[in-house]
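Residues per chain, in single letters:
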Amino acid sequence: MRYIRQYFGMRKELYILFWGRVVTNMGALIWPMMTLILKSKLGYSASQIASILIILGIAQFPFTLIGGKLADRYNKRNLIIICDMVTVISYFICAFLPVSEKWIPLLALAAIFAQMEWPSYDALVADLSSSEEREKAYSLNYLGGNLGLVLAPTIGGFLFANHLSLAFLINSFATFSSTVLIFFFIKDITPVKTKEMTQKYEGTRDGDSVWKILWENKLLILFMLCGGIWTLVYRQLDFLIPLNLEQSYGEQGAVLFGTLTSVNALVVIVGTPILTKIMECVRDVERLLIGQVLIILGLSAYALVQNVLVIYFVSMVVFTFGEISGTLGNQPYLTRRIPASHRGRFSSFYTMVTGAFQLGGQKVVGSMVDVMSLQTVWKYIVVIGILNVVGYLILCRRDRKTFSLFYQ
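Peer 1: Which parts of the structure should I look at to understand the packing of helix α15 (residues 284-304) against helix α16 (residues 309-336)?
Peer 2: Packed helix pairs are characterised by how far apart their axes lie and by the angle those axes make with each other. Taken N-terminus to C-terminus, the directions of α15 and α16 make an angle of 155 degrees; their axes are 7 Å apart at the nearest point. When the axes of α15 and α16 are compared, the pair comes out roughly antiparallel. By crossing handedness, the relation of α15 to α16 is classed as left-handed. Looking at the contact of α15 with α16, its residues break down into 17 nonpolar, eight polar and four charged.

Peer 1: Mind showing me how you'd approach the packing of helix α14 (residues 252-278) against α16 here?
Peer 2: Interhelical geometry of α14 versus α16 gives an angle of 45 degrees and a closest axis separation of 8 Å. By the criterion of interaxial angle, the relationship of α14 to α16 is oblique. α14 and α16 meet at a crossing whose hand is right-handed. Two secondary-structure elements touch here, α14 through Leu256, Thr259, Leu260, Val263, Asn264, Val267, Val268, Gly271, Thr272, Leu275 and Thr276 and α16 through Leu309, Tyr312, Phe313, Met316, Val317, Phe319, Thr320, Phe321, Glu323, Ile324 and Leu328.

Peer 1: Please clarify how the packing of aromatic side chains should be interpreted in this entry.
Peer 2: To describe a pair of aromatic rings, one takes the distance between the centres and the angle between the planes. Scanning the model with the defined rule gives twelve aromatic pairs in all. Counting every residue linked through ring pairs, the aromatic cluster contains Phe92, Phe96 and Phe173. Over the aromatic face of Trp215 sits the side chain of Lys218, whose NZ or CZ is 4.0 Å from the ring centroid. Directly above the ring of Tyr333 sits Arg337, whose terminal nitrogen or CZ lies 3.8 Å from the centroid.

Peer 1: When you look at the confidence of the model for the protein chain in this model, what are you seeing that I'm missing?
Peer 2: Predicted coordinates in regions of low pLDDT should not be interpreted in detail. Of the residues in the protein chain, 93% reach a pLDDT of 70 or more, and the chain-wide mean stands at 82. Element-level mean pLDDT values for the protein chain span from 63 in helix α10 (residues 196-202) up to 92 in helix α12 (residues 219-234).

Cut-offs used in this document
Residues numbered from 1 in each chain as written. Predicted model: local features only at pLDDT ≥ 70, side-chain atom pairs only at ≥ 80, totals over all residues. Heavy atoms only, no water. Axes fitted to C-alpha atoms, helices over the stretch in contact; angles between N-to-C directions. Helix = DSSP H or I, 4+ residues; strand = E, 2+ residues; numbered from the N terminus. Parallel < 35°, antiparallel > 145°, perpendicular 65-115°, else oblique. Left-handed = near helix turned anticlockwise from the far one by under 90°. Nonpolar A, V, L, I, M, F, W, Y, C, P; charged D, E, K, R; others polar. Contact = heavy atoms within 4.5 Å. Phe/Tyr/Trp six-rings, centres within 6.5 Å; stacked < 30°, edge-to-face > 60°. Lys NZ or Arg CZ within 6 Å of the ring centre and 35° of its normal. pLDDT = per-residue confidence, 0-100.

Below is the structure:
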């Protein structure tokens, strides 16, 4: 009970955002299956899938930046509602279209507007929480997303073969129900005032650009580069793992991947409150380092062993603990070290950097899959992750000097 009690006492708007995330992700049946939809339903090769995802990602970049700019200038709640409605309509139309390439532009539109709202979500969580409770606020938001994901990927895996249109419809209605919650129950989004100790870092700086702040705090550039590589490695959960399972188990690969993803979500639900409590005395930057180490240990199973399901499930548990640790460190680290007036823009800029690494990496990984064994590709991924561990070690050492107030 003490693990749940730690979330008590925060602003009620954070609990509405939490429940909105739960409801939305209850219907998140499509995106975990995107690689398999392009592969099995539309017949694309691994490199073609990577190219499509890269094009989609490039199209998202300007809209992500626009979303960040709008989040710092306009009402974040209203921006979330508008973006949600575009996503709802796009999925609803897909539900009534036959299997065809017409899905792609509609899914792209849904993805673009879903991405546009994320700076508003991230900034709103920071606005509504104090610096001291930032980890708990993001932990709660992350937990809500995964509560909804417990059964969604497994259900999506079973609907994949013959009832994919139903999955689109469920996605549409679930997102709409979340939008209704936010519309009726979130009214006050007045930011929490920062304390004197963190005012030096989080104080408002109207008129300054993101570039100026980055130039003055160059360690944030290293943080973003490490975050980009972290994302490249982590996103193999949605790209390389389903391809691996599809190659080994055929059409059953979709069901197995859905089950693995549900295990991921289940471990998040059980592990997030526990790790949030255990890591109360672990600094945000150290959580990032621990997370990358655990993710690499989890993915190493695919580099060392193939076609042993028990090991795949064990590795997913280790991988997920790494994901939790990294998530508990990521946004708290960034939002404590940037002005409150720039949270939306920095969130979108960070998303753009990590997205560039993810999509560029997917193109390379997709091309590698076409010419070499999956086990060899996994070894390259592990090596990249190990190099990123070194990057986080450097970040840990230099953070103490650059942001010394957090170490007093």
